[in-house]
Amino acid sequence: RTGRRVHDVTMGIRRRDGELRWVNINAQPLFDKGEAKPRAAVVSFFDVTVHKQDQDRLMQVNHALAVLSRANETVVRSSNEHDLLDEMCRGLTATGYRLAWRGLQTARPEGVVRPVAAAGGAFTTSGEADKGGGMIGLDAGIDTDAVLASGKPQIVSDLTMQTAVKGEKTVVPESGARIVLPLRGRTEPLGVLVLYADRPDAFGADEERLLVQLAENLAYGIGSLRERAKIEDSEKRLRGSMEAAVQAVASTLEMRDPYTAGHQRDVARLAVAIAHEVGVPEDEIEGIYLAAIVHDIGKIRVPIDILNKPGALTDLEHQLIQTHAQIGYDIIKHVDFPWPVARMILQHHERLDGSG
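Calculation criteria
Residues numbered from 1 in each chain as written. Predicted model: local features only at pLDDT ≥ 70, side-chain atom pairs only at ≥ 80, totals over all residues. Heavy atoms only, no water. Helix = DSSP H or I, 4+ residues; strand = E, 2+ residues; numbered from the N terminus. Contact = heavy atoms within 4.5 Å. Areas by Shrake-Rupley, 256 points an atom, 1.4 Å probe, with all protein chains shown as cover. Axes fitted to C-alpha atoms, helices over the stretch in contact; angles between N-to-C directions. Parallel < 35°, antiparallel > 145°, perpendicular 65-115°, else oblique. Left-handed = near helix turned anticlockwise from the far one by under 90°. Nonpolar A, V, L, I, M, F, W, Y, C, P; charged D, E, K, R; others polar. Pairing = 2+ DSSP bridges. Buried < 20%, exposed > 50% of the residue type's maximum accessible area, 1.4 Å probe, protein only. pLDDT = per-residue confidence, 0-100. Expected span 1.5 Å × (residues − 1). Phe/Tyr/Trp six-rings, centres within 6.5 Å; stacked < 30°, edge-to-face > 60°. Lys NZ or Arg CZ within 6 Å of the ring centre and 35° of its normal.

## A look at the overall build of the protein chain
- Looking only at helices and strands, one finds 10 helices and eight strands in the protein chain.
- Sequence separation of at least 24 residues holds for 56% of the intrachain contacts in the protein chain that already meet a minimum separation of 6.
- Carbon and sulfur atoms make up 54% of the accessible area of the protein chain, which totals about 21,400 Å².

Listed below in structure tokens is the structure:
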């Protein structure tokens, strides 16, 4: 029709048995002398299926390596589980997957996955209905229990051949391929990671192996963040208990000598204000506050009539007052504070030039 040659065109041809073969085509028109239109054409077909499959495998591996690298950066960079899952899903869809989510098996019906994080297409990160009325995760073809029990991925190479019945409001791709990867922690299953690809047979053996590594790294990241959250929560409760104990000590001293207790609170407020003004880190400020609130705890060993004496102190009484820093140090030194509280109590009357 056109008289133009066809050079190096590759086409996919599906055989009657369903196998997809790739063929490279070249065609050269043949003209009779003086004629503008060709009378025939010489066409050659060359089966390049093996070459095309090798190319596809190489592309899949390169893609999977890029995905794995980006995912590992996300695991290292994320500071909490929500950000990790959200960023991971965005990263996976940015690299070409149609949908990614991490979900947990819910109550019946079987196979329903509760999405925790999702990205791609019309899907939402909250698992709520999209504008079309569909719900994420109602893909009855996913057997989450089986995936988690076996610890092995579940792959559907061609979703158009899937026979599993889906829900009436299912919102999942109806073509391409899907892989379900288990997320298993050290002591409990964490859920699954589900990826949809645009084309059939997208998840080859090499890509599957790298995606399994990605899922293992993601599970490790989730577990590590949960452990860190537990530790931080324990530290928070411990510090709260420690501060309450210090306040109790200060209150005990206040019952004996209201002046001293009020003085300690004033010193604590001033010390914290000065620390903020000069840019002391918050963690150190907490230690300064606790030391200030009990810095005169040693006065509990000083007779009350000396502490409340209206007149001048004798030399002996003054020397007795001076021992309160050492006494306070001796009382507090065995308490394992994260800061040198006992040393601050011991030195709180020392001259700045170190002369005593």
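## Let's talk about unusual backbone geometry
- We note that Asp-8 has phi near 55 degrees; this positive angle belongs to a residue other than glycine.
- For Asp-8, the location among the structural elements is in strand E1 (residues 6-14).

## Considerations on the packing of helix H2 (residues 81-94) against helix H4 (residues 205-256)
- At their nearest, the axes of H2 and H4 sit 9 Å apart, and the two run at 160 degrees to each other. As far as their axial angle goes, H4 and H2 are roughly antiparallel. By crossing handedness, the relation of H2 to H4 is classed as right-handed. Touching Glu-81, Leu-84, Leu-85, Met-88 and Leu-92 of H2 are Leu-214, Leu-218, Gly-221, Ile-222, Leu-225 and Arg-226, all from H4.
- Each residue belonging to the contact of H2 with H4 can be placed in one class, and the counts come to eight nonpolar, one polar and two charged.

## What to know about the sheet that holds strand E3 (residues 40-47)
- With antiparallel pairing, the three strands of this open sheet are ordered in space as E1-E2-E3. Of all strands in the sheet, those bounded by a partner on one side alone are E1 and E3. Averaged over all adjacent pairs, the angle separating strand axes in this sheet is 30 degrees, with direction ignored.
- Bridging between strand E2 (residues 20-30) and E3 involves eight bridges; their strand directions are antiparallel. Across the sheet, the residue bridging to Pro-29 is Ala-41, located in E3.

## Focus on the pairing of strand E8 (residues 189-197)
- In terms of burial, E8 is a largely internal element, eight of the nine residues being buried.
- As defined by bridge partners, strand E7 (residues 177-184) adjoins E8 across eight bridges and the pair is classed as antiparallel. Within E8, the position partnered with Ala-177 by the bridge is Ala-197.
- Joining the antiparallel neighbours E7 and E8 is a turn of four residues.

## Brief notes about the packing of H4 against helix H6 (residues 282-293)
- Two numbers describe how H4 lies on H6: the axes approach to 9 Å, and their chain directions differ by 25 degrees. Put simply, H4 runs roughly parallel to H6. In the crossing of H4 with H6, the sense of the turn from one axis to the other is left-handed. Within the contact between the two elements, H4 uses Arg-239, Met-242, Glu-243, Val-246, Gln-247 and Ala-250 and H6 uses Asp-283, Glu-286, Tyr-289, Leu-290 and Ile-293.

## Section: the confidence of the model for the protein chain
- Of the residues in the protein chain, 83% reach a pLDDT of 70 or more, and the chain-wide mean stands at 78.
- Between residues 122-138, whose pLDDT stays under 50, and residues either more than four places distant or in other chains, the model counts 38 contacts.
- Scored below 50 in pLDDT, residues 163-170 makes 16 contacts in the model with residues more than four places away or belonging to other chains.

## A look at H6
- An ideal rise of 1.5 Å per residue puts 16 Å on 12 residues; H6 measures up with 17 Å between its terminal C-alpha atoms.
- For H6, the full list of buried residues reads Ile-285, Gly-287, Leu-290, Ala-291, Ala-292 and Ile-293.

## As for the packing of aromatic side chains
- A complete count under the given rule lists zero aromatic pairs for this structure.
- Of note, Lys-52 hangs over the ring of Trp-22, and the distance from its end group to the ring centre comes to 4.1 Å.

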